[in-house]
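If you want the building blocks of each chain, they are given just below.
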Amino acid sequence: MKFSDFVCGDAIRMQLDADDKESVIREMVSALVAAGQVKEGEKDDILKAILKREELGSTGIGRGIAVPHTKHPSVDKLLGTVAVSEDGVDFDSLDGEKVQLFFLLISPPDRPGDHLRALENISRQLRDETFCRFLKQAKTSQDVIQLLDEADNNQFVS
Amino acid sequence: MKEMEASQATVSGTVSIKNRQGLHARPADRFVRLALSFDAAVTIVKDNQQVDGKSILNLLTLGAEQGTQLEIRTSGTDAEQALAALTALVNSGFDED
C-alpha cells in the first residue's frame, strides 16, 4: 500500500497550534471534515472513538511518530491524513519522546488487512531516518505531499 | 549448564498470529512491553525479514496478518523465560477475537 492510497492531501496540517493529544486529534479530524472526506455530523463520534482507542494505550510508536486511529462505519475505504508539529506534542509514547509526526487513520470496520498494510507502509518508510527527518522539517503541506510521493516511488527505502 | 553457556544461549520458536486483526498497533505495543521486561535480546523473523522485537515501529513493518508465521528468537540469560512468555502472549491472540 502507498501513502497516496490513503492520505488526503487537502487535509494535511502543518505547524499545529495544538499542544496536547486531544487537540491534535481534533485538529486532524476537523481537517478531514474541511476537506470534505468526513461529514460534519460524524466528527464528534470519530473523535471520541480515536480518543477511546488512545486510552487503551498510546499510539505513539516511538521516534516522534504517532498513528492515532479508529474503525468507523461512516467510511467505506481507508482514510488518512498527516500533521506535523514543529515543537512536538506529549503523546505518552512508549519511548517517552514528544511526537512531531502524526498519521491519523480511519478504517471501515471489517477491513483489518488494509489497516495493517497502512501501518506497515508508514512504519517501513519512517524507519528511514532521512525520510523521517525531512518530514519533520517540512514547512508546507506541498512539501509533505512531495515527500510522500517520493517515498511511494521508493526513493527512501530500497 | 555452565554460567557462560547460559548467558550466551539463543533459543527460538515459531508462532502463528491468531487474532483476526493481526499484529496491529496495540498487540505490537503489548509485545514490546513484555519483551522489554526481559534482558534477553528479542528478534522476530518473518520470511526473509528480521526485526528487533523490542521496537513497535519495527514490528509494524512486518504487516503480520492473521495466520502469519513468525519465528521468535531470544538470546541472553533469561532467553528461555522470554521466549515462553512472548510465545504465550501471541498464542493468547492478545486477548482479542
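Described in the following lines is the structure provided in the data block. Computed from a predicted structure; not experimentally measured.

### Focus: the overall build of chain A
For chain A, the helix and strand inventory stands at 5 helices and 5 strands. Starting at the N terminus and walking to the C terminus, you meet the elements of chain A as α-α-β-β-β-β-β-α-α-α. Taking 158 residues into account, the globule formula puts the C-alpha radius of gyration at 15 Å, and chain A, at 14 Å, falls close to it. When each of the 158 residues of chain A is scored for burial, the buried share is 41%. Considering only contacts within chain A whose residues lie at least 6 apart along the sequence, 69% involve residues at least 24 apart.

### Comments concerning the interface of chain A and chain B
Taken together, the contact pairs 19 residues of chain A with 15 residues of chain B. When residues of the side of chain A that touches chain B are traced back to their parent elements, those giving at least two are strand E1 (60–62) and helix H3 (112–126) of chain A. A total of 10 residues in the side of chain A that touches chain B trace back to one element, the largest contributor, which is H3(A). Of the residues belonging to the side of chain A that touches chain B, the class tally is 8 nonpolar, 6 polar and 5 charged.

### Considerations on the pairing of strand E3 (residues 49–52) of chain B
Residues and elements named next belong to chain B. Pairing geometry for strand E2 (residues 41–46) and E3, over 4 bridges, is antiparallel. Directly across from Val45, in E3, lies its bridge partner Gln50. Where E2 folds back on E3, the antiparallel hairpin that results is connected by 2 residues, among which Asp47 adopts a positive phi of roughly 50 degrees.

Rules of the game
- Residues numbered from 1 in each chain as written.
- Chains lettered and ligands numbered in written order.
- Predicted model: local features only at pLDDT ≥ 70, side-chain atom pairs only at ≥ 80, totals over all residues.
- Helix = DSSP H or I, 4+ residues; strand = E, 2+ residues; numbered from the N terminus.
- Rg over C-alpha atoms; globule rule 2.2 N^0.38 Å.
- Buried ≥ 20, exposed ≤ 12 C-beta atoms within 10 Å, placed from the backbone.
- Contact = placed C-beta atoms within 7 Å.
- Nonpolar A, V, L, I, M, F, W, Y, C, P; charged D, E, K, R; others polar.
- Pairing = 2+ DSSP bridges.

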